[in-house]
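Listed below, chain by chain, are the residues.
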Amino acid sequence: MGKAIVVTSGKGGVGKSTSTANLGTALAVLGKKVVVVDADVGLRNLDVIMGLESRVVYTSMDVFQGVCELEQALVKDRRTKDLYLLAASQRNNKSDIQPEQMKKLCLELKETHDYVLVDSPAGIEQGFQNAAAGADEALIVTTPEVAAVRDADRIIGLLQNMTINNLHLVINRLAPEMVKAGDMMGPTDVIDILSVNLIGVIPEDKEILISTNRGMPSTYNHKSDAGQAYKRIALRLEGEDVPIPEFKAGGLFGNWFGKLFNS
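Basis of the calculations
Residues numbered from 1 in each chain as written. Predicted model: local features only at pLDDT ≥ 70, side-chain atom pairs only at ≥ 80, totals over all residues. Heavy atoms only, no water. Helix = DSSP H or I, 4+ residues; strand = E, 2+ residues; numbered from the N terminus. Rg over C-alpha atoms; globule rule 2.2 N^0.38 Å. Buried < 20%, exposed > 50% of the residue type's maximum accessible area, 1.4 Å probe, protein only. UniProt positions renumbered as here; feature names shortened; annotations may be inferred. 1 Å grid on protein atoms, 1.4 Å probe; cavity = no way out; pocket = protein on both sides within 12 Å on 5 of 7 lines; lining within 4 Å. Contact = heavy atoms within 4.5 Å. Pairing = 2+ DSSP bridges. Axes fitted to C-alpha atoms, helices over the stretch in contact; angles between N-to-C directions. Left-handed = near helix turned anticlockwise from the far one by under 90°. Core = buried A, V, L, I, M, F, W, Y, C linked by side-chain atoms within 4.5 Å. Polar contact = N/O pair within 3.5 Å; in protein donor to acceptor, adjacent residues only side chain to side chain.

Visitor: Even after reading the chapter, I still don't get the overall build of the protein, so can you show me in this structure?
Guide: A count of helical and extended segments in the protein gives 12 helices and 10 strands. The C-alpha atoms of the protein give a radius of gyration of 17 Å, which matches the 18 Å a tight globule of 263 residues would have. Dimensions of the protein, computed from the C-alpha atoms along their principal axes, are close to 55 × 40 × 30 Å. Within the protein, the fraction of its 263 residues that count as buried is 55%.

Dropping the structure here:
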């Protein structure tokens, strides 16, 4: 039996879908059988980020309505073995799906996959409730800005109320130069506010935008600092003791966050 992880934040635009695509890819490259589920009904984009939009025939809604079997709706990635996508419907609304349906879906997917990564839509309404319904764990993605951290804090409380207590924090789009200048919160500031286990820091990286436009997760790009950071997160999800490097202006410096991760 695999595990289901909801990738969430509360705030839009912090990198949930990008994180889902890249972590799913990284875990599959490690030899795990992975399915990424787009739970953003009506506004799907996970298929575009993964470069699979032209191959989507059925969606999760088709599965729920009995139009097709679950296996028929899974789109196999072209580049990595054992990586699959379950797309969301663009013709329906979030209210057309109930949490119990998502819970049943995740249970079924966990029987055949090591990881089920559920990409949650922004907000705390029905879409979030659906995405988190079948989750065993949660990956909270936030950027180091006040509004995003505030929303992440709200999401953490909601997840704990749903008895999802195995929470991991990903700080995305960290710009060391801005942190140094005092124009951006540093990782320690974010951790102090949220009090959640830090599992990874993703630096600001222009390669992310390029890879997204090409439908090619940056995990495949060995020159991408962000892509390499996602690979390290995948290893940590697998239980490996991989220190979290400190990002400073000019590049990586030491393993300052290793102690935080291991504590």
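Visitor: I keep staring at the UniProt feature "binding site: ATP" (unreviewed entry) in the protein and nothing clicks. Help me out?
Guide: As annotated in UniProt, the feature "binding site: ATP" (unreviewed entry) corresponds to Lys11, Gly12, Gly13, Val14, Gly15, Lys16, Ser17 and Thr18 in the numbering used here. For the largest pocket, the lining residues among the annotations just cited are Gly12, Gly13, Val14, Gly15, Lys16, Ser17 and Thr18. Mapped onto the fold, glycine 12 is located in the loop between strand 1 (3-8) and helix 1 (16-29). Mapped onto the secondary structure, glycine 15 falls in the loop between strand 1 and helix 1. Apart from the residues lying within four places of it in its own chain, the contact partners of glycine 15 are Val141 and Asn172.

Visitor: Just checking my understanding: could you explain the UniProt feature "domain: CobQ/CobB/MinD/ParA nucleotide binding" (unreviewed entry) in the protein for this structure?
Guide: Per the UniProt record, "domain: CobQ/CobB/MinD/ParA nucleotide binding" (unreviewed entry) is annotated on residues 5-217. Between the C-alpha atoms that bound residues 5-217 there is a distance of 19 Å. The span itself is 40% helix and 19% strand.

Visitor: Is there a simple way to explain the sheet that holds strand 5 (residues 115-119) in this structure?
Guide: In a beta sheet, neighbouring strands pair by backbone hydrogen bonds and run either parallel or antiparallel. Here we have eight strands laid out as an open sheet, ordered 3-4-2-5-1-6-7-8, and mixed in their pairing. Every other strand in the sheet has two partners, leaving strand 3 (75-76) and strand 8 (197-203) as the edge strands with one partner each. Here strand 2 (residues 34-38) runs beside strand 4 (residues 83-86); their pairing, made up of four bridges, is parallel. Note that in strand 4 the partner of valine 37 across the bridge is leucine 86. Across the sheet, helix 1 lies against strand 1, strand 2, strand 4, strand 5 and strand 6 (137-142), angled at about 165° from strand 5, the strand it touches most. Packed onto the sheet, helix 11 (residues 225-237) meets strand 1, strand 5, strand 7 (167-174) and strand 8 and runs at close to 160° relative to strand 8.

Visitor: Explain the packing of helix 1 against helix 11 here, please?
Guide: Working note: a packed helix pair is described by the angle between its axes plus the distance between those axes. As a packed pair, helix 1 and helix 11 sit with axes 9 Å apart at the nearest point and diverge in direction by 65°. Viewed along their axes, helix 1 and helix 11 form a crossing whose handedness is right-handed. Across from Thr18, Ser19, Asn22, Leu23, Ala26 and Leu27 in helix 1, the residues of helix 11 making contact are Tyr230, Lys231, Ile233, Ala234 and Leu237.

Visitor: Honestly, the nonpolar core in this entry has me stumped. Any pointers?
Guide: Across soluble globular proteins, nonpolar side chains have a tendency to be buried as a group. Counting 50 residues, the largest nonpolar core has Leu159 and Leu169 as its most contacted members. Residue contributions to this core peak at six residues, all from helix 7 (residues 146-161). Apart from the residues lying within four places of it in its own chain, the contact partners of leucine 159 are Val6, Thr8, Phe128, Ala132, Ala138, Ile140, Ile164 and Leu167.

Visitor: In this structure, what is going on with the side chain of threonine 80? I would like to understand it.
Guide: For threonine 80, the position within the fold is in the loop between strand 3 and strand 4. Look at threonine 80 and you get buried, because its relative accessible area is 8%. One polar contact links threonine 80 to tyrosine 220, side chain to side chain, over a distance of 2.4 Å. When near neighbours in sequence (up to four residues on either side) are disregarded, threonine 80 contacts Thr25, Ala28, Val29 and Tyr220.

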